[in-house]
Amino acid sequence: LNWVHVGDDLANDVGASASCGAKAVWLIEESLEDETGEVVPSWSTATNEELEKRAKLDEMARQYVSAKIDKLDELPSVIMGILEG
């Protein structure tokens, strides 16, 4: 294990850091997820094409989530779990 990256963006934080060798922790507020666990933005200026491309990038990055948290105070125990696991 070289490093742990914590971020709230699947493609840019989780996917990018994992591609560089990090264990990625996804920080997401539960209130931003729909019933399937997908992130639902409250608003966006992106076109439908951009949103579709982003959804594909997010789906590819999802496989690299080492842990998911919804509050930063969960981080110490998650990091210990990654180090022990």
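Residues numbered from 1 in each chain as written. Predicted model: local features only at pLDDT ≥ 70, side-chain atom pairs only at ≥ 80, totals over all residues. Heavy atoms only, no water.

Novice: So what exactly am I meant to see when it comes to the overall build of the protein chain here?
Specialist: The helix and strand inventory of the protein chain stands at three helices and three strands. Beginning at the N terminus, the succession of helices and strands in the protein chain can be written as β-α-β-α-β-α. As displayed, the protein chain offers around 6000 Å² of accessible surface, 52% of which is attributable to carbon and sulfur atoms. (Helix = DSSP H or I, 4+ residues; strand = E, 2+ residues; numbered from the N terminus. Areas by Shrake-Rupley, 256 points an atom, 1.4 Å probe, with all protein chains shown as cover.)

Novice: Can you walk me through the pattern of salt bridges in this structure?
Specialist: On inspection of all chains with the given rule, the structure shows three salt bridges. Note that Asp9 is salt-bridged to Arg54, the shortest N-O span being 2.2 Å. Residue Asp9 is located in the loop between strand 1 (4-7) and helix 1 (10-19), and its partner Arg54 is located in helix 2 (residues 48-62); the two are separated by 45 residues in the primary sequence. Arg54 gets classed as partly exposed once you look at its relative accessible area, which sits at 28%. Between Asp58 and Arg54 there is a salt bridge, and its shortest N-O distance comes to 3.2 Å. Of this pair, Asp58 and Arg54 both sit in helix 2, four residues apart, roughly one helical turn. (Salt bridge = Lys/Arg side-chain N within 4 Å of Asp/Glu carboxyl O. Buried < 20%, exposed > 50% of the residue type's maximum accessible area, 1.4 Å probe, protein only.)

Novice: Looking at this structure, I do not really get the pairing of strand 2 (residues 23-27). What am I missing?
Specialist: Looking down a regular strand, the side chains alternate between one sheet face and the other. Here four bridges tie strand 1 to strand 2, and the two strands are oriented parallel to one another. Residue pairing in the sheet places Val4 in a bridge with Lys23 of strand 2. Following the chain from strand 1 across helix 1 to the adjacent parallel strand 2, one finds a crossover that is right-handed. In the sheet, strand 2 pairs with strand 3 (residues 65-69) via four bridges, with the strands oriented parallel. Bridge pairing in strand 3 places Val25 opposite Ala67. (Pairing = 2+ DSSP bridges. Right-handed = clockwise from strand over helix to strand, strands pointing away.)

Novice: In this structure, what is going on with the side chain of Ser17? I would like to understand it.
Specialist: Considering the arrangement of structural elements, one finds Ser17 in helix 1. In this structure Ser17 touches Trp3, His5, Ala22 and Ala24, once residues within four positions along its chain are discounted. (Contact = heavy atoms within 4.5 Å.)

Novice: Is there a simple way to think about helix 1 in this case?
Specialist: Because an α-helix completes one turn every 3.6 residues, residues spaced three or four positions apart along the sequence face the same direction. The buried fraction of helix 1 is high, at seven of ten residues. Taken as a whole, helix 1 has its buried residues at Leu10, Ala11, Asp13, Val14, Gly15, Ser17 and Ala18. Where the residues of helix 1 are buried, they touch strand 1, strand 2, helix 2 and strand 3. Of the residues that open helix 1, the one with a side-chain oxygen 3.2 Å from the backbone nitrogen of Ala11 is Asp9. Gly21 lies just past helix 1 and shows a positive phi near 100°. (Polar contact = N/O pair within 3.5 Å; in protein donor to acceptor, adjacent residues only side chain to side chain.)

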